[in-house]
Structures are given as C-alpha cells and as structure tokens.
Amino acid sequence: MTQPQSAQPSPYLPPPTGAPFGTPPPQEPAMPWAKAIAVTVIGFLVAGVVAGWAWQQFSPLAQYTVDEQGGALGEEQMTRVFGPDGTFTAIGFIVALSLGGALFWWLRNYGPWSVAIVALGAVLGAGVAWGVGMLLGHDPLQPRLEAAKPGDLVAAPLELHTWTPAAAWLVGAALAAAIIAATTWRAEPTATPVATTSQPGTSESSPQVH
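## Some points on the sheet that holds strand 3 (residues 153-155)
Here is step 1: The 3 strands are arranged 2-1-3 in an open sheet whose pairing can be described as antiparallel. With one partner strand each, in any of the chains shown, strand 2 (70-72) and strand 3 form the two edges of the open sheet. Averaged over all pairs of adjacent strands, the angle between their axes in this sheet comes to 40 degrees, without regard to strand direction.
Here is step 2: Relative to strand 3, strand 1 (residues 63-67) is paired through 3 bridges, and the arrangement is antiparallel.

## Some words on the pairing of strand 1
Here is step 1: Across the two faces of strand 1 the burial differs, with Tyr64 and Val66 buried and Gln63, Thr65 and Asp67 not buried at all.
Here is step 2: Inspection of the sheet shows strand 1 paired to strand 2 by 3 bridges, in the antiparallel sense. Residue Asp67 lies in a different strand from strand 2, and its bridge partner there is Gly70.
Here is step 3: Count of turn residues in the strand 1/strand 2 antiparallel hairpin: 2 residues.

Rules used throughout
- Residues numbered from 1 in each chain as written.
- Predicted model: local features only at pLDDT ≥ 70, side-chain atom pairs only at ≥ 80, totals over all residues.
- Heavy atoms only, no water.
- Pairing = 2+ DSSP bridges.
- Helix = DSSP H or I, 4+ residues; strand = E, 2+ residues; numbered from the N terminus.
- Axes fitted to C-alpha atoms, helices over the stretch in contact; angles between N-to-C directions.
- Buried < 20%, exposed > 50% of the residue type's maximum accessible area, 1.4 Å probe, protein only.

Rendered as structure tokens:
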C-alpha cells in the first residue's frame with residue numbers, strides 16, 4: 001500500500017506576510033519636475049530678498065569727507081571701501097549653504113539633476129540679493145557730494161566692485177550638495193547575496209512504504 005507524499009514547505013519560499021528576505025526597500029517616488037523647480041525658485045527668491053535687505057542693512061560703507069574741492073577718503077575709510085563685497089560674500093555663502101543643503105536633501109531622488117536645480121537656484125538667489133540691495137541702498141555719490149557742505153560726511157554708495165562675491169552663492173550650494181552626497185553614499189548599505197540554489201526534488205519527498 002502506498003501512502004501519499006506529504007508536501008513539505010520549501011525553506012526558500014518567501015514568508016506569507018511581509019517583504020521577502022534580501023529584497024531592497026522600495027525607493028521613494030520622485031516628485032514632479034514642475035513642483036521641484038517651483039519650490040526651488042520660490043525658496044531662493046525669498047532667500048535673495050532677505051539677503052539683499054541684510055546686505056543693505058549691515059554693510060560697512062566708507063565715509064567721504066567733504067571739502068571745497070569735493071570729497072576725499074582718509075586712510076581709515078579706504079579700508080572700508082570693499083566692505084560691501086565682504087558682507088555680500090558672507091551672507092550669500094551662509095544662505096546658500098543652508099538652503100542649498102536642505103533643497104538638495106529634499107531633491108536627492110533626482111540624482112545629478114538635483115545638483116543642477118540647486119545650482120541654478122543659487123545663481124537666481126545671488127541676482128535677486130544684488131538687485132534688492134541696490135534698490136534699497138544704492139544712492140549716486142556725486143549728487144550727494146554736491147549737496148553737502150564742507151566738513152560733512154557722505155557715505156559711499158552700496159555696490160559690488162567685482163562679481164566674485166556673487167560666486168559665493170554657487171560655492172555654498174555646491175559645497176552643501178557635495179557633503180550630503182558623500183555622506184549618504186557612505187551610509188548606503190551593501191547588498192547581501194541571497195541563496196538561490198534549491199535542493200533536489202527527491203530530498204523534499206517522503207520515502208514510499210509498500
């Protein structure tokens with residue numbers, strides 16, 4: 001008499017519930033391009049407005065001493081001529097480093113494209129900051145010198161003497177992206193190989209009894 005073979009569960013079958021062992025976690029779906037670009041543009045627009053206001057408020061300006069021949073800068077005031085350049089550089093680097101890092105972390109599912117989005121946003125922020133600062137604090141020097149009296153002090157106009165400080169925005173955003181990318185790359189777990197070999201079918205069946 002032959003007994004029916006008893007079905008034994010294979011040790012390599014996935015468990016009835018839950019994810020199979022060794023299956024990588026599902027990736028987060030990337031947000032639409034329009035939303036990613038819109039959020040980046042709005043973020044750097046707002047940051048540029050605030051940075052431009054701060055540049056106008058906190059930049060040290062050289063003071064011209066008015067005399068009968070016009071205005072002149074003393075030795076001490078000459079050291080403050082490039083004060084707006086340094087202030088713009090510091091503010092732009094800090095803002096781009098923090099905001100660029102937050103946006104890059106948020107857009108990291110886009111891969112290399114997230115770097116391009118953040119970089120373009122940083123360039124936009126630098127332009128907005130310069131425009132807002134010039135709008136609020138750039139007064140032409142010559143008309144004020146002509147209207148002043150001898151002995152008066154006239155502040156130099158708020159301006160950038162070179163475009164190098166604007167690059168601080170791009171450098172700050174790129175540095176934040178590089179640090180986050182290096183950190184997350186090192187933190188990625190290595191894949192664990194999963195056994196795929198199966199035992200012969202004869203070993204899974206029970207012996208027949210006659």
